[in-house]
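One letter stands for each residue in the lines below.
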Amino acid sequence: MAAADVDSAELAKKTVALSKPAADGATTAYVLTRHYRVQVRDLARWPALVAALLATEHVDSLGVSFDRSDSDQLNRDLMRQAADDARANGSALAHSFRRKLGPAMAITRGQLDKLSAPFIAQAGGGESPPPAPAKANYAVPPSIPFAQAVTAIFRLQ
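Remember, it's a predicted structure, so these values are computed and weren't measured experimentally.

Okay, the overall build of the protein chain next. A tally of helices and strands in the protein chain yields two helices and four strands. Secondary structure of the protein chain in N-to-C order comes out as β-β-α-α-β-β. By sequence separation, contacts in the protein chain at least 24 residues apart represent 64% of the contacts at least 6 residues apart. Split by element, the accessible area of the protein chain, about 12,900 Å² in all, is 55% carbon and sulfur.

Below you can see the structure in the form of structure tokens.
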């Protein structure tokens, strides 16, 4: 693993109360934590890396995220597709009221927050998350879904 693929930050020191006094009579101790970011470029090495990390003394938690090397282009494509879908859905809905879809008046990724409440039904939906893997399964997931949502308010004509 290249040194440039490992980044450490967020060194933190926290005082904790001991449940019983230490041998020297101290009733408090320090817990030091450190955050590491490791970029794994070969996912075939992932299971062995996780197993080695979990076997390392003083490693008690892992946070994992996956990304793609082409994520910028993928996000642009998904945004374009989401915008096309919003226009097609809006057009079909407007047609059902014998109206035509006009220009977009507001657009955002995701929800329009408080502004959208009077105009948009806040409904759940989408795909349910995949089931959690077995505790000892450190395999690379077979697929990682990428999605992009947009909310658009169109003027009706």
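Inspection of the secondary structure assignment puts Asp5 in the segment before strand S1 (6–17). Judged by relative accessible area, which is 8%, Asp5 ranks as buried. A polar side-chain atom of Asp5 sits 2.9 Å from a polar atom in the side chain of Arg41. For Asp5, the residues in contact, after removing those within four places along its chain, are Arg37, Val38, Gln39 and Arg41.

Going through the model one piece at a time under the given rule, you end up with zero aromatic pairs. Over the ring of Tyr30 we find Lys13; its NZ or CZ atom is 4.2 Å from the centre of that ring. Across the ring face of Phe146, the terminal group of Arg68 is positioned such that the distance to the ring centre comes to 5.6 Å.

This next bit is on the environment of Leu49. Structurally, the position occupied by Leu49 is in helix H1 (residues 46–55). Ignoring sequence-local partners within four residues, the contact set of Leu49 consists of Met1, Val38 and Val40.

Per-residue confidence for the protein chain averages 82 on the pLDDT scale, and 82% of its residues sit at or above 70. Ranking the elements of the protein chain by mean pLDDT puts H1 last, at 85, and helix H2 (residues 71–96) first, at 93.

A few words on H2. The end-to-end C-alpha distance of H2, which contains 26 residues, comes to 37 Å, matching closely the 38 Å that a straight helix rising 1.5 Å per residue would cover. Three or more residues of H2 are buried, namely Ser71, Leu74, Leu78, Ala82, Ala86, Gly90 and Ala94. Buried-residue contacts for H2 involve strand S3 (101–109) and strand S4 (150–156). Residue Arg98 follows H2 closely and has a positive phi angle near 60 degrees.

Applying the stated criterion to the full structure yields three salt bridges. Measuring nitrogen to oxygen at the nearest pair gives 2.8 Å for the salt bridge that ties Arg68 to Asp70. For Arg68, a relative accessible area of 39% puts it in the partly exposed group.

Now for unusual backbone geometry. Even without being a glycine, His58 presents a positive backbone phi close to 75 degrees. Turning to its location among the elements, His58 is positioned in the loop between H1 and H2. For His58, a relative accessible area of 73% puts it in the exposed group. One non-glycine residue, Arg98, lies in the positive phi region at around 60 degrees.

With that settled, the discussion passes to the environment of Thr108. Looking at where Thr108 falls in the secondary structure, it is placed in strand S3. For the pair formed by Thr108 and Ala152, sequence separation is 44 residues and the distance between their alpha carbons is 6.7 Å. Filtering out sequence-adjacent residues up to four positions away, Thr108 remains in contact with Ala149, Val150 and Thr151.

Basis of the calculations
- Residues numbered from 1 in each chain as written.
- Predicted model: local features only at pLDDT ≥ 70, side-chain atom pairs only at ≥ 80, totals over all residues.
- Heavy atoms only, no water.
- Helix = DSSP H or I, 4+ residues; strand = E, 2+ residues; numbered from the N terminus.
- Contact = heavy atoms within 4.5 Å.
- Areas by Shrake-Rupley, 256 points an atom, 1.4 Å probe, with all protein chains shown as cover.
- Buried < 20%, exposed > 50% of the residue type's maximum accessible area, 1.4 Å probe, protein only.
- Polar contact = N/O pair within 3.5 Å; in protein donor to acceptor, adjacent residues only side chain to side chain.
- Phe/Tyr/Trp six-rings, centres within 6.5 Å; stacked < 30°, edge-to-face > 60°.
- Lys NZ or Arg CZ within 6 Å of the ring centre and 35° of its normal.
- pLDDT = per-residue confidence, 0-100.
- Expected span 1.5 Å × (residues − 1).
- Salt bridge = Lys/Arg side-chain N within 4 Å of Asp/Glu carboxyl O.

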